[in-house]
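A closer look at the structure
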There are 2 protein chains.
Amino acid sequence: MTDFTATRAMFDLPEGVIYLDGNSLGPLPRAVPARVEQTIRAEWGEMLITGWNKAGWMDLPARVGDRVGKLIGAPAGSVVMGDTLSIKVYQALASALELRSGRRVILSDSGNFPSDLYMADGLCRTLGPEYRLKTVAPEAVEDAIDETIAVLMITEVDYRTGRKHDMARLIARAHQMGALVVWDLAHSAGAIPVDVTGADTDFAVGCSYKYLNSGPGGPAFIYVAPRLAESVRPALSGWLGHEAPFAFDLDYRPGAGIDRMRVGTPSILQLAALDAALDVWDGVDMADLRARSLELQEIFITRVAAECPDLALASPREGTQRGSQVSFRHPHGYAIIQALIAEGVIGDFRAPDILRFGFTPLYLSQQDVEQAADKLCAILRENRWDRPEFHQRAKVT
Amino acid sequence: MTDFTATRAMFDLPEGVIYLDGNSLGPLPRAVPARVEQTIRAEWGEMLITGWNKAGWMDLPARVGDRVGKLIGAPAGSVVMGDTLSIKVYQALASALELRSGRRVILSDSGNFPSDLYMADGLCRTLGPEYRLKTVAPEAVEDAIDETIAVLMITEVDYRTGRKHDMARLIARAHQMGALVVWDLAHSAGAIPVDVTGADTDFAVGCSYKYLNSGPGGPAFIYVAPRLAESVRPALSGWLGHEAPFAFDLDYRPGAGIDRMRVGTPSILQLAALDAALDVWDGVDMADLRARSLELQEIFITRVAAECPDLALASPREGTQRGSQVSFRHPHGYAIIQALIAEGVIGDFRAPDILRFGFTPLYLSQQDVEQAADKLCAILRENRWDRPEFHQRAKVT
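Predicted, not measured: the structure shown is a model, and the values here were computed from it. (Residues numbered from 1 in each chain as written. Chains lettered and ligands numbered in written order. Predicted model: local features only at pLDDT ≥ 70, side-chain atom pairs only at ≥ 80, totals over all residues. Heavy atoms only, no water.)

**Observations regarding the sheet that holds strand S6 (residues 180-184) of chain A**
Residues and elements named next belong to chain A. With mixed pairing, the 7 strands of this open sheet are ordered in space as S2-S8-S7-S6-S5-S3-S4. The open sheet has two edge strands, strand S2 (79-82) and strand S4 (132-136), and neither has a second partner. In this sheet, adjacent strand axes meet at a mean angle of 20° when their direction is disregarded. Examined bridge by bridge, strand S3 (residues 105-109) and strand S5 (residues 149-155) share 3 bridges and lie parallel to one another. Looking across to S5, one finds that Val 105 is bridged to Ile 149. Taken strand by strand, helix H8 (residues 167-176) contacts S5 and S6, and its axis lies near 155° from that of S6. (Pairing = 2+ DSSP bridges. Helix = DSSP H or I, 4+ residues; strand = E, 2+ residues; numbered from the N terminus. Axes fitted to C-alpha atoms, helices over the stretch in contact; angles between N-to-C directions. Contact = heavy atoms within 4.5 Å.)

This is the structure in structure tokens:
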């Protein structure tokens, strides 16, 4: 049984804050500051350029990728870290489209995170007018997978509502129709059990700064099914994905397997932060985490329903159909979230009207969740959100 | 007159090391560790998600971009930080090719850094068989610019030999022929005077971990001439380049000017390190830096020529034709560099036979340079490089 009291002690949360926004940016694991300082002073400062060998910087994207891989059911050597999620989406889509040459359509849904859709659109424009992104409603995805689809690009958990797709089913359908799948795990990795191998996906991508707690701007990851990895010809053919980067050949030759999905020089400070942050997972069983997350979500939903029934649940009521977040709709959602943050409960807002709360037993207790529900409902009951300062929109909402 | 004793005091160099490899990875500026720790503990740790507004993380790529812009003659609002140099090369090339639609050829030279060539090749493959990268010898570039060329992609300073292109001349020729220019400043920014405005370039890109001392994996930068910035339609159309990222529209609309060259979530720890590292430049006059750098290089070349005339100079003998590095050729270059590193003088090797030494008066004195030349020549004279351990190739050379 996972000891969540122990995991909680591994985070450095500010006094008096209840943090329900780890689905935007995970909090600071206690091991991170010392690790980053070591990387800066003892590695960069002392080893200088030789840190690429001596401190193992060059292998860090693969070594940390293997650690992330364990959390998503990927075998060693099939995941590599680097760049941002948007870039990794582009890489995966470009590779998938080339493998399915002859087909020209990327299928996605309107619940996908917009950056995925934007990157797909940019790729289609680059590839030419015969390529297009087709976007349907989330519930229409399965039926829209037909033999014209080259790639199905799906974010498993909806960033607004927390609605979870049945990925195994969609992947099976896509394969039946001869399409490849790019599975975005942004709200899945570290949040719910994921098995990229069992579900037989082709590509998976995700970020590390949400449920993996790597800090602002932490690197993304990409998984390529080992059965495909040697067939992929990268569109973003950077030198660190070359078979022999330090031969400095004029011609590109892709590196072995997943290595070819590397592009440029990896962000070593961010990778070091992530590597330290991943220590939290050493004793965590993902099934325990999922069960406890659903308990916490259930407590929150039930309490909100009882105390402030006017708040409309935007997430599926059935836990198995949600990721690790609970969302509500309210026309004054933005101001309500600001009022809540002012009282020490951090959730976030997603336009146009979504109040979004992320749950993880790694650092949240039942008491936290109950208090958060009570504060949210008190703010609504007493109209505490209706103050000018809570309506002023910040640059980042 | 720039006070280089003052700048030297701003770096934390290991005792007894002479560092001639700032052209690979700049050393640690003293201000960096505290700034990164503050970003981790006081910003990420305390502000959590609200750091994007409160700590100004969202504006950091533009704010730091403006500071880099000052070093390359770019006006405020024309440079933004993010991703890696390879990604920025891809962005610039894709934008330039679209602006010059009707032409299909990227022209570059065989002295360019291979990753630039690889990225251009990957982009051409994605665009279709009518696009191609044409690579000529460095000295043949000017004559090869004709009316078939869409984009001239040139790295100003050759990473192997230090040979410097006459960019103003090449840009003028390219414009005369109706081509656009992507100028790679990897070995120029912070190394030599650069004036992207005066030279009227279209796009410029560069990295921050060499002469700007941002640390391993620091972010890249991209400049787009203000006269073009509103016409560019990004191929890597990520959400942070959107006009309104937090509106979460399904359709991409490019942000204002250079903002549209942002892609995904910026690496905040690396940006904070760079921001602190840039303080070194506050009192530096780039003309002083160039003059002193050439003096140091001249001392090194003269001393090596006198003490070990067998070492063949691979760089131009005339200082104005070099960047901020001096290179030699030797069939046992790899082992010689290893022997030199073992004696505390850090240079680096570039296949097949280049010994490469970077110079910057920011932290190098005349005495350092004289000692480095003496050690290099002693190693050669006494064949101290001819030991088995110096022949073992590391992963990163």
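**As for the pairing of S6(A)**
Residues and elements named next belong to chain A. Burial analysis of S6 places 5 of its 5 residues in the buried class, which makes it a mostly covered element. Side chains Leu 180, Val 182 and Asp 184 of S6 all project onto a buried face; the interleaved residues Val 181 and Trp 183 project onto the opposite face, where all are buried too. Relative to S6, S5 runs parallel, the two being bridged by 5 bridges. Its bridge partner being in S6, Ile 154 is matched across the sheet by Trp 183. Following the chain from S5 across H8 to the adjacent parallel S6, one finds a crossover that is right-handed. Examined bridge by bridge, S6 and strand S7 (residues 203-206) share 3 bridges and lie parallel to one another. Bridged to Val 182 within S7 is Phe 203. (Buried < 20%, exposed > 50% of the residue type's maximum accessible area, 1.4 Å probe, protein only. Right-handed = clockwise from strand over helix to strand, strands pointing away.)

**Here's the deal with the nonpolar core**
Ranked by size, the top nonpolar core spans 299 residues in total, and within it A:Phe300 and B:Phe300 carry the most contacts. Contact partners of A:Phe300, with chain neighbours within four places excluded, come to A:Leu20, A:Val326, A:Phe328, A:Phe357, A:Phe359, A:Val369, A:Ala372, A:Ala373 and A:Leu376. (Core = buried A, V, L, I, M, F, W, Y, C linked by side-chain atoms within 4.5 Å.)

**Some details on the relation of the copies chain B and chain A**
Take chain B, turn it by 180°, move it 0.0 Å along the axis, and it overlays chain A with an RMSD of 0.0 Å. Each copy turns onto its partner about a two-fold axis. Rotation axis and chain B: the residue whose C-alpha lies nearest the axis is B:Leu127, separated from it by 2.6 Å. Both copies share a contact surface, since 100% of the interface residues of chain B are interface residues in chain A too. (Least-squares fit on C-alpha atoms with pLDDT ≥ 70 in both.)

**Some remarks on the sheet that holds strand S12 (residues 348-350) of chain B**
Residues and elements named next belong to chain B. One open sheet accounts for 4 strands, arranged S9-S10-S13-S12; its pairing is antiparallel. Looking at which strands have only one partner, the edges of the open sheet turn out to be strand S9 (312-313) and S12. Note: S12 against strand S13 (residues 354-358), 3 bridges, orientation antiparallel. The residue of S13 that forms the bridge with Asp 348 is Arg 356. The strands touched by helix H12 (residues 333-342) are S12 and S13; relative to S13, the strand with the most contacts, the crossing angle is about 40°.

**Some thoughts on the side chain of A:Gln297**
Locating A:Gln297 in the fold gives a position in helix H11 (residues 286-307). The contacts of A:Gln297, once residues within four sequence positions are left out, are A:Arg290, A:Arg322, A:Gly323, A:Ser324, A:Gln325, A:Val326 and A:Phe359.

**Observations concerning helix H8 (residues 167-176) of chain B**
All names here are of chain B. Of all the residues in H8, the buried ones are Met 167, Leu 170, Ile 171 and Ala 174. The arc that holds every buried residue of H8, seen down its axis, measures 100°, which confines them to one face. At its buried positions, H8 is contacted by helix H7 (141-144), strand S5 (149-155) and strand S6 (180-184). Immediately downstream of H8, the backbone of Gly 178 shows phi near 80°, a positive value. (Arc of directions from axis to C-beta.)

**Some thoughts on the environment of B:Ala220**
Residue and element names in this part refer to chain B. You can see Ala 220 is positioned in strand S8 (residues 220-224). Considering only alpha carbons, one finds Ala 220 and Leu 271, 51 residues apart in sequence, at a separation of 9.8 Å. In contact with Ala 220, other than residues within four places in its own chain, are Val 80, Met 81, Gly 82, Asp 83, Thr 84, Leu 85, Lys 88, Gly 206 and Cys 207.

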